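Understanding the architecture of this molecule
Here's the letter readout for the chains.
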Amino acid sequence: MIEVINLTKKLDKTIAINHLNLFITNGIYGLVGQNGAGKSTLFRLLSDVYSQDEGEILIDSKPNYEKEIKSNLFFLQDDPYYANFSTLKNLTEFYKCFYEVDENYLNYLFKTLNLPINKQLSSFSKGMKRQAFISLALSINVKYLLLDEAFDGIDPLALDLIKQEIIKKYSNNDKTLIIASHNIESLEKLCDKFIIISNGKMVAQGDEASMSHVFIKYQIIFNLSNLKLSTSNKLYFEINEDLFKKLDLHVVSLNKIGSVYELVIKVNKDINPYEIIKDNLDPVLLEEIPLTYNEIITLQMLDAKMDGSKHE
Amino acid sequence: MNKKYIKYQIKQWLPLIGIISGILIITLIIDLIFSKNPMNYHYYEASKSNVSYQNPLIITSCCILCLTFFVPLFVFSYKYSIKKADTYVQSPFKNNNLKITNFILGYLCLALPFIVIFLIGLLSTYITQLINNPYHVIVVPQNPGMTYYSHITFYYNYGYLILFMFFILFMLFIEYSLNSFAANFANNTIDALIYISLFFIFRMLILYAIPQYFMQNLDIIEYDFNIFNLSLTIMPVISFALTVFNSLISRGYFDAKDVFISDLYKYQYVGYVISFTFIIMIGIFAALYIFFIKDKYKENYGRKRNNTIFDYLLPHLTMMFIAFSLYTITRYDTTSKIVIFLAFFVMYYCLLASLNKSFKIKKYDLIFGGAISLVNFCLFIASITIEHLYL
Amino acid sequence: MNKTVNLFEEIYNFYKKLIYKGVIKKGEYLPSVREVALARKINPNTVVKAYNLLINDGLIQAINKKGYLVIYSTKNNKDQNLINELDDIKKEGYTKEEIINALEEVYKND
């Protein structure tokens, strides 16, 4: 169990992590956010590569800089270090200095992924390097594994195998895996919970069920004659976000495709947006359309970005 | 201490150990050739006794002290790149153990080859002495045209030489700690090299100045002008090792005791003793700092310069000392002084630019730098004025 | 009021159809959570949620150490799939007459 309490970190005069609070239990988490939102910084803070300015990080109720805790947590960066001229064998020896490596499993993974053990890592392609490091990360069997953009550049066959191994190892009740990625589609199926951060702050945290009631998407077609003045052809008002904002709706996005408008709003428990739009604007068509999980997460990030720019 | 990590790190540093050993072997060969060359001893014209003790391994000892410059670059390499830092700093070590393990291993990389090669050197001289015992050397006086021959017997006092070896190992630790102290504050290899150099120049200027002060108060400088004096300007540690400790060996077993102690009371040696004590003290402080103080700005590893006092004081204080020495120690004519004055500014700017990795100067650097440039300017004017008034 | 396409609902619907059609008969076991998760490369918890919905509907039962047993029998039961689909059409707002008229149009040529 990872508890992050009021975590703040300033880097180069910008606040990278801003009073962040998180509660992470077991399972596979997806960590999502824009570029520069603070995902890698968060990982570095969790693994004690950085020290926080304010706040606490408790892992299994102990501070994260203690040796026993550190040996149970591993952070795999998107471009990890390997010594010059080292082969996979050398790399394994290196990791064995710090962690317990399940060598049989590791060799099985290397064999299945067709990674040569005695060739220099510098001759590997980017995808092969990623595969090698993920294999190592999986074989050190730590309780807390943090993967930063680990799937980029890996071919679909290898990716399938890796996902299966991840499911085998990290969906137990006693381990935690956090994957930071921009590829929400591939994370969608693998993760049962998501953490969305933006500008160092937490936007949302939870599983599918808790996030699915946050936004609504409507398809709207207007009867333009209703909206025009009788004498001239001018519209009473323009169809833009302000139109809906005046109705006290929290607009996230408004897109026009031909004559159809797609409106996404954030849910407010007290009001019924369907009736408000119907009563005030009398549209020809007003239909709710489903949102995919992917869309929901992107919308969370967009909404947080807009919130942030409002405050500036 | 993690045994597997120690084994791994030694394996990684085998090339470094190889290079150090290689250099020491070369210096050993030079020493052994040199020690047999009578041209070296031409100043021992008329020796007080027929017996003289020499140090056959002086160059090897000086060399190992110079090699302490580079080893800290390897010891702290784990924080000189972002990727390395990410991997090493997250790994499970207790407290400062990573730093301490690397530090001790670095010292062993220097000390162990030195011990082996030093003992080989001693063994070699012992064997050659068994074969040609004693040396008969032709001594040539300083006046050309006049030669006379004298027989001087050279012996090597192995007891003192072993003692000398331990002395060098101790000074090795001190110099190594001081260089590591400087390298510890850096966040990349270039900065580390700059910090080590600056700290070295800083120490050298202070430690040179102290004995100079005492010696300039004497009307006659009593010691001969030889390689030992030259070493004064090269490295204070070596200078102490050579002038005091080596002279202990060269005096001969029975004379040594009296000469050494009576020499120490001589005014000129007070300076050496002060320098020596100073350097030992800061060396021990440096070692303790490395052992016990944790790094504060881990996020700067592999990135930019820290904001600690050391990072600001070191370059500026050293430049201030350089400014002082430029006009007090040297004797140049006015044109050269102008050139030196301008060169000082250029050097200062280049130093700050390479530390900050940008052409803009930071605020604190500007304040300190401005003050020291002003000092430089005043000294420049003062030294020209003095020259014009008194010459 | 809010419709989203959830993965666990997809799996729930998938197996619900199979059970109603009789493809997986009463007395047979559904594939294990782990099998489904590995085959589809999804999180096992998602599969567990889907199976729990099936349990809630009374279609399956969880047997300790053996898996998930189908208890729904298609004998003497109406084709629940068809009923569900028509129910969805009804929810879109069509009246009974509209549906019957549409049916007659579809079967006009038979």
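To be clear, the structure that these remarks concern was listed above.
Residues numbered from 1 in each chain as written. Chains lettered and ligands numbered in written order. Predicted model: local features only at pLDDT ≥ 70, side-chain atom pairs only at ≥ 80, totals over all residues. Heavy atoms only, no water.

**Digging into the interface of chain A and chain B**
Accessible area lost on assembly of the parts is the figure often given for the size of an interface. Our working rule: Every residue pair with non-hydrogen atoms within 4.5 Å of one another is taken to be in contact. Buried area is calculated as the accessible area (1.4 Å probe) missing from two parts once they are joined, with the contributions of both summed. Here a salt bridge means any side-chain nitrogen of Lys or Arg lying within 4 Å of a carboxyl oxygen belonging to Asp or Glu. Two N or O atoms form a polar contact when they lie within 3.5 Å of each other; inside protein one atom must be a possible hydrogen donor and the other a possible acceptor, and for residues adjacent in sequence the pair counts only when both atoms belong to side chains. Helix and strand assignments come from DSSP, with helices taken as H or I runs of at least 4 residues and strands as E runs of at least 2, each series counted from the N terminus. Polar here means any residue outside two lists: the nonpolar Ala, Val, Leu, Ile, Met, Phe, Trp, Tyr, Cys and Pro, and the charged Asp, Glu, Lys and Arg; Gly therefore counts as polar.
Counting from both sides, the interface comprises 26 residues of chain A and, opposite them, 22 residues of chain B. Roughly 2400 Å² of surface becomes buried between chain A and chain B when both sides are summed, with 55% attributable to carbon and sulfur atoms. Its largest share of buried area at the contact with chain B, chain A owes to Tyr81, Cys97 and Phe98 of chain A, together 26% of the area lost on that side. Put simply, chain A and chain B have 5 salt bridges between them. Linking glutamate 299 of chain B and lysine 9 of chain A is a salt bridge whose minimum nitrogen-to-oxygen distance equals 3.0 Å. At the surface where chain A touches chain B, the tally comes to 9 residue pairs in polar contact (both at pLDDT 80 or more). Counting only elements with at least two residues in the side of chain A that touches chain B, the list comes to strand 1 (2-11), helix 2 (67-70), strand 6 (73-76) and helix 3 (88-96) of chain A. Here the side of chain A that touches chain B is composed, by residue class, of 13 nonpolar, 5 polar and 8 charged.

**Quick word on the state of the cysteines**
Any covalent bond linking the sulfur atoms of two cysteines counts as a disulfide. All names here are of chain B. Selection criterion: The rule for a disulfide is simple: a pair of cysteine sulfur atoms within 2.5 Å. Three exposure classes are used, based on accessible area relative to the maximum for each residue type with a 1.4 Å probe and protein chains only: buried under 20%, partly exposed in between, and exposed over 50%.
All told, the structure shown has 0 disulfides over all chains when counted by the stated rule. Residue cysteine 62 stays outside any disulfide, its sulfur separated by 7.0 Å from that of cysteine 66, the closest cysteine. The exposure class of cysteine 66 is partly exposed, given its relative accessible area of 36%.

**Focus on the nonpolar core**
Most often, soluble globular proteins keep nonpolar side chains buried together rather than apart. We count it as follows: Take the buried Ala, Val, Leu, Ile, Met, Phe, Trp, Tyr and Cys residues and link them wherever side-chain atoms come within 4.5 Å; each set so joined is a nonpolar core.
Counting 172 residues, the largest nonpolar core has Ile64 of chain B together with Tyr51 of chain C as the members making the most contacts within it. No other element matches the 15 residues that helix 7 (residues 158-185) of chain B contributes to this core. With residues up to four places along the chain from it excluded, the contact list for isoleucine 64 of chain B reads Ile20, Leu24, Leu110, Phe114, Ile168 and Leu172 of chain B.

**Observations concerning the interface of chain A and chain C**
With 25 residues of chain A at the contact, the number on the chain C side is 18 residues. Connecting chain A to chain C are 2 salt bridges. With its nearest N and O atoms 3.8 Å apart, the salt bridge here joins aspartate 207 of chain A to lysine 49 of chain C. At the boundary of chain A with chain C, the tally comes to 6 residue pairs in polar contact (both at pLDDT 80 or more). Secondary-structure elements contributing two or more residues to the side of chain A that touches chain C are helix 6 (156-170), helix 7 (184-190), strand 11 (215-221) and strand 14 (285-289) of chain A. Of all the elements, helix 6 of chain A adds the most residues to the side of chain A that touches chain C, at 5 residues. Classifying every residue of the side of chain A that touches chain C gives 12 nonpolar, 5 polar and 8 charged.

By themselves, these figures tell us nothing about what the structure is for.
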